[in-house]
Amino acid sequence: MTDGAVPSEGVLIVGAGPTGLTLAIELARRGAEVRIVDAAPAPHRESRGKGLQPRTLEVLEDVGVTERVLATGTTRLPFRKYFDGAQVNDTDPFADTRPTPAAPYERGVLIGQWQVEELLRERLAEFGVRVEGGTEVTGFEQDEDGVTAVLVDGERIRSGHLVGCDGGRSRVRKAMGVRFDGTTDETQSMVVGDVEAEGISRDVWHQWFASDGSGVMLCPMPGTNSFQFQAGPELNAGGAPLPPSLEGFQRIFDRYAQVPGITLTDPTWLSLWRVNVRMVDRMRVGRVFLAGDAAHIHPIAGGLGMNTGIQDAYNLGWKLALATAGQAGPGLLDTYEEERLPVAAWTLGITSDLYAQVREAVKEPGTGVEAAAPPPMGTGYRWSSLAAPATTGDPAVLRPGDRAPDAPCLDASGRPIRLFQVYADPRFTLLGFGTEVADAVGKLAGGRDDLLQAFTVDGGDGNGDLHDHEGHARHAYGIETSAPALVLIRPDNHIALFTRDLADVTNYLSQITTFTPNE
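Quick notes on the rules
The residue numbers shown here count from 1 along each chain, following its written sequence. Given that the model is predicted, a residue must reach a pLDDT of at least 70 before its local features are reported, and side-chain atom pairs must reach 80 or more before they are shown or counted; all residues, however, enter totals for whole chains, interfaces and linings. Excluded from the side-chain calculation are hydrogens and water; included are all heavy atoms of the structure. Fitted lines through C-alpha atoms give the axes, limited to the stretch in contact for helices. The angle between two N-to-C directions lies from 0 to 180 degrees. Each helix is a run of H or I in the DSSP string that is no shorter than four residues. Each strand is a run of E no shorter than two, and both are numbered from the N terminus. Angles are sorted into four bins: roughly parallel if under 35 degrees, roughly antiparallel if over 145, roughly perpendicular if 65 to 115, and oblique for all others. For any pair of crossing helices, the crossing counts as left-handed if the nearer helix is rotated counterclockwise from the farther one by less than a right angle, and right-handed if it is rotated clockwise. It only takes one pair of heavy atoms within 4.5 Å for two residues to be counted as in contact. Only Asp, Glu, Lys and Arg are considered charged, only Ala, Val, Leu, Ile, Met, Phe, Trp, Tyr, Cys and Pro nonpolar, and every remaining residue, Gly among them, polar. A pair of strands is labelled paired if DSSP reports no fewer than 2 bridges between them. Seen with its strands pointing away from the viewer, a crossover is right-handed when the path leading from the first strand over the helix to the second is clockwise. Throughout this description, buried means an accessible area under 20% of the type-specific maximum (1.4 Å probe, protein chains only), exposed means over 50%, and partly exposed covers the range between.

1. Focus: the packing of helix α2 (residues 54–63) against helix α7 (residues 305–324)
(1) Moving on: Across the interface, α2 lies against α7 with an axial gap of 10 Å and an inter-helix angle of 40°. Viewed along their axes, α2 and α7 adopt a mutual orientation that is oblique. Both α2 and α7 take part in a crossing whose hand is left-handed. Here R55, T56, V59, L60 and D62 of α2 come into contact with α7, specifically with N307, I310, Q311 and Y314.
(2) Moving on: Taken together, the residues of the contact of α2 with α7 sort by class into four nonpolar, three polar and two charged.

2. Quick word on the pairing of strand β2 (residues 34–37)
(1) Moving on: Inspection of the sheet shows strand β1 (residues 11–14) paired to β2 by four bridges, in the parallel sense. Bridging across to β2, L12 finds its partner in R35.
(2) Moving on: Taking the sense of rotation as the criterion, the β-α-β connection linking β1, helix α1 (residues 18–28) and β2 turns out right-handed.

3. Some thoughts on the sheet that holds strand β17 (residues 288–290)
(1) Moving on: With respect to topology, five strands assemble into an open sheet ordered β2-β1-β10-β17-β16, the strand pairing being mixed. Where the open sheet ends on each side, the last strands, each with one partner, are β2 and β16 (284–285).
(2) Moving on: Taken together, the three bridges between strand β10 (residues 161–164) and β17 define a ladder with parallel strand orientation. Looking at β17, one finds that G164 is bridged to L290.

4. Digging into unusual backbone geometry
(1) Moving on: Of note, the phi angle at R48 is positive, near 45°, even though the residue is not glycine.
(2) Moving on: Following the sequence through the fold, R48 ends up in the loop between β2 and β3 (51–52).
(3) Moving on: Assessed through its relative accessible area of 35%, R48 is described here as partly exposed.
(4) Moving on: Positive phi is not limited to glycine here, since D84 has a value of about 50°.
(5) Moving on: Of note, D84 is situated in the loop between β4 (79–83) and β5 (86–91).

Below, the structure is given as structure tokens:
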């Protein structure tokens, strides 16, 4: 114990960016005690990371904010390419994509990071939790009972667990003593900011490039009068980047855009970005965790930064909630690092490759940032110890650990309902396909309703909690028509197991409650 403090089972989150806010919501909606603090006294209004990927939209639907995100941002913004000042073409790299029954979001959303944070704060407030601004954590002390965070003024906050979501310069990470391996390339940098530019169309993302790969981009930010400005920096006589300034932005714009009469005004954010490729060797030390940029930073190509952090939080939230409520063994928390550290390594690799590809691709007329289109994010954790061996289903379609697909169904009263709506409950979800498993599903649900919700799918004679009226659910999960099957879905909407034996489900849930730490 520290200073005679009373042990707490609550969670303290340090950092109120998209990662910290998502984690706070995930904990709050599961009934966990949570506090979230941030060093900044008030929210920023900077565009920063400006895109949400389709998988992140699925996550945020579960969190309860995707509808608001879609109303605020835009899913359709053509790219207008110029080369040596002349307009070359307009393209929409996602023009041919369409939603499917299994994947309702076919493209990402352009939206400012500050707007995402604002929507997440609104959602968090619906659970009675608000960000404590102007609260700077400088370090922590932990013991077997909890963690004591130390504030800059010497005050101490006691909690059961602490999560550092405090960005690339994370003080929590430094206090943990973990490595932050990687490189910083001072020769590859970019100036970025938010400015207004009257007279420039807001219907396209303007991308001016030259034959040497240099250039400038202006992206209109939805719901504002601002454009996000991106360009290589001006250099001083010694070849070092000059600090970002509105005057420097104007000179860069005039050089590459060659559009007379356009004046950049009203800067609300001016920043210099350097290529950092770094990640921690551990995401957990005792009762303290890292998520988002505090654990991994990488090139901006593909727009994966904010997305990766949100998905970190989504993975950790349900595990922390179960552990703090005493519904899971402490070893469950080890699976956060087991699942997310490989994702961080993949993200660093893919974004470094994409960044190099873009720098070469834009030397050719008519090519822009679409050259950095990343592969799908958040497809699953097949390597995880939480992925049980499959005994049914089509392994060529899905395997335990994979993202759980969506599908349109009908509920017991005949009204349309999607599987994603069913999965929005914070517990595990069991789908029982076919009449052979219907009775067993009902019995299991009644005995484990603290941890599990269960639904029969096409239980026979028109009965069942869900009706797969078009066969999309069976198709998505690789289950043959009329074949019995049990599919257990994790609280973060990944497949835990496929089976036909209810004992497998019971054993899996029992293992969750007794999970022992890794040796």
